[in-house]
Amino acid sequence: MSDATISIHVDLPDGSRRTLEAPEGYRVMEVLRDYGLPIKAECGGACACATCHVRLPDEWVDRVIPALDEEMDKLDEIPSADDNSRLCCQILTDQAIDGLVVKLEPDSIHEQELEIAS
Ligand code: FES
């Protein structure tokens, strides 16, 4: 693992944005969680819960490694998911996604913690 870091911009449902610095080789979900953002991520990154749902802006959809079948199957279980939806536990931090923008979806947030994080 290198010492390089990348930036991830996280848009929260209240309209605020947090910019996080993250080392390479981690799951985006882990970065959000470790910064104390109120992401549920109930399965801890096992692609089993679909509570780490984020949306990517159009310009990022093709720049992030495509979802595997396992992730696609989980996304199918989210009624609000669309072509820009991803499970952020399945996206690894590397230089290719430096500057990534994700919108944390309301269905993946501990609402009682949102005020604390902002
Ligand atoms: S944390 Fe459970 S699917 Fe991502």
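If you're wondering where the values come from, they're calculated on a predicted model, not measured in any experiment. (Residues numbered from 1 in each chain as written. Predicted model: local features only at pLDDT ≥ 70, side-chain atom pairs only at ≥ 80, totals over all residues.)

**Examining the overall build of the protein chain**
And step 1. Counting its secondary structure elements, the protein chain contains 4 helices and 5 strands.
And step 2. Relative to the globule expectation of 13 Å for 118 residues, the C-alpha radius of gyration of the protein chain, 13 Å, shows essentially globular dimensions.
And step 3. Counting over 118 residues, the protein chain shows a buried share of 30%.
And step 4. Excluding contacts between residues fewer than 6 apart, the proportion of contacts in the protein chain whose partners are at least 24 apart in sequence is 64%. (Helix = DSSP H or I, 4+ residues; strand = E, 2+ residues; numbered from the N terminus. Rg over C-alpha atoms; globule rule 2.2 N^0.38 Å. Buried ≥ 20, exposed ≤ 12 C-beta atoms within 10 Å, placed from the backbone. Contact = placed C-beta atoms within 7 Å.)

**Comments concerning the nonpolar core**
Considering soluble globular proteins, one finds that nonpolar side chains tend to be buried as a cluster.
And step 1. Ranked by size, the top nonpolar core spans 24 residues in total, and within it Ile8, Val28, Met29, Leu32, Ile39, Cys88 and Val102 carry the most contacts.
And step 2. Contributions of two or more residues to this core are made by strand 1 (5–11), helix 1 (28–34) and strand 5 (100–104).
And step 3. Looking at which element gives the most residues to this core, the answer is helix 1, with 4 residues.
And step 4. Setting aside anything within four residues of it in sequence, one finds Val28 in contact with Ile8, Cys88, Ile91, Thr93 and Val102. (Core = buried A, V, L, I, M, F, W, Y, C linked by C-beta atoms within 7 Å.)

**Details of the sheet that holds strand 2 (residues 17–23)**
And step 1. Taken in spatial order, the 5 strands of this open sheet run 2-1-5-3-4, and their pairing is mixed. Each edge of the sheet is formed by a strand with only one pairing partner; in this case those strands are strand 2 and strand 4 (85–87). Strand-to-strand twist in this sheet, taken as the mean axis angle between neighbours without regard to direction, amounts to 40 degrees.
And step 2. Two strands pair when backbone bridges link them, and strand 3 (residues 53–55) and strand 5 are joined in this way by 2 bridges, in the antiparallel orientation. Bridging across to strand 5, Arg55 finds its partner in Lys103. (Pairing = 2+ DSSP bridges. Axes fitted to C-alpha atoms, helices over the stretch in contact; angles between N-to-C directions.)

**Some remarks on the pairing of strand 5**
And step 1. Of the two faces of strand 5, the one lined by Leu100, Val102 and Leu104 is fully buried and the one lined by Val101 and Lys103 carries no buried residue.
And step 2. Alignment of strand 1 against strand 5, held across 4 bridges, turns out to be parallel. Paired with Ile8 across the strands is Leu100, a residue of strand 5.

**Here we look at the environment of Asp34**
And step 1. Within the secondary structure, Asp34 sits in helix 1.
And step 2. Taking the C-alpha atoms as reference points, Asp34 and Ala22, separated by 12 residues in sequence, lie 9.9 Å from one another.

**Side note on the pairing of strand 1**
Side-chain direction in a regular strand flips from residue to residue, so the side chains alternate between the two faces of the sheet.
And step 1. The alternating pattern of strand 1 places Ile6, Ile8 and Val10 on a buried face and Thr5, Ser7, His9 and Asp11 on a face that is not buried.
And step 2. When strand 1 meets strand 2, the two strands line up antiparallel, connected through 7 bridges. Bridge pairing links Ile8 to Leu20 in strand 2.
And step 3. Connecting the antiparallel pair strand 1 and strand 2 is a turn made up of 5 residues, with Gly15 showing a positive phi of about 95 degrees.

**A look at unusual backbone geometry**
And step 1. Despite not being glycine, Ala41 has its phi angle at roughly 45 degrees, a positive value.
And step 2. Residue position: Ala41 is located in the loop between helix 1 and strand 3.
And step 3. In this structure, Ala50 takes a positive phi of about 65 degrees despite not being glycine.
And step 4. Tracing the sequence through the fold places Ala50 in the loop between helix 1 and strand 3.
And step 5. Judged by C-beta crowding, with 23 C-beta atoms within 10 Å, Ala50 ranks as buried.

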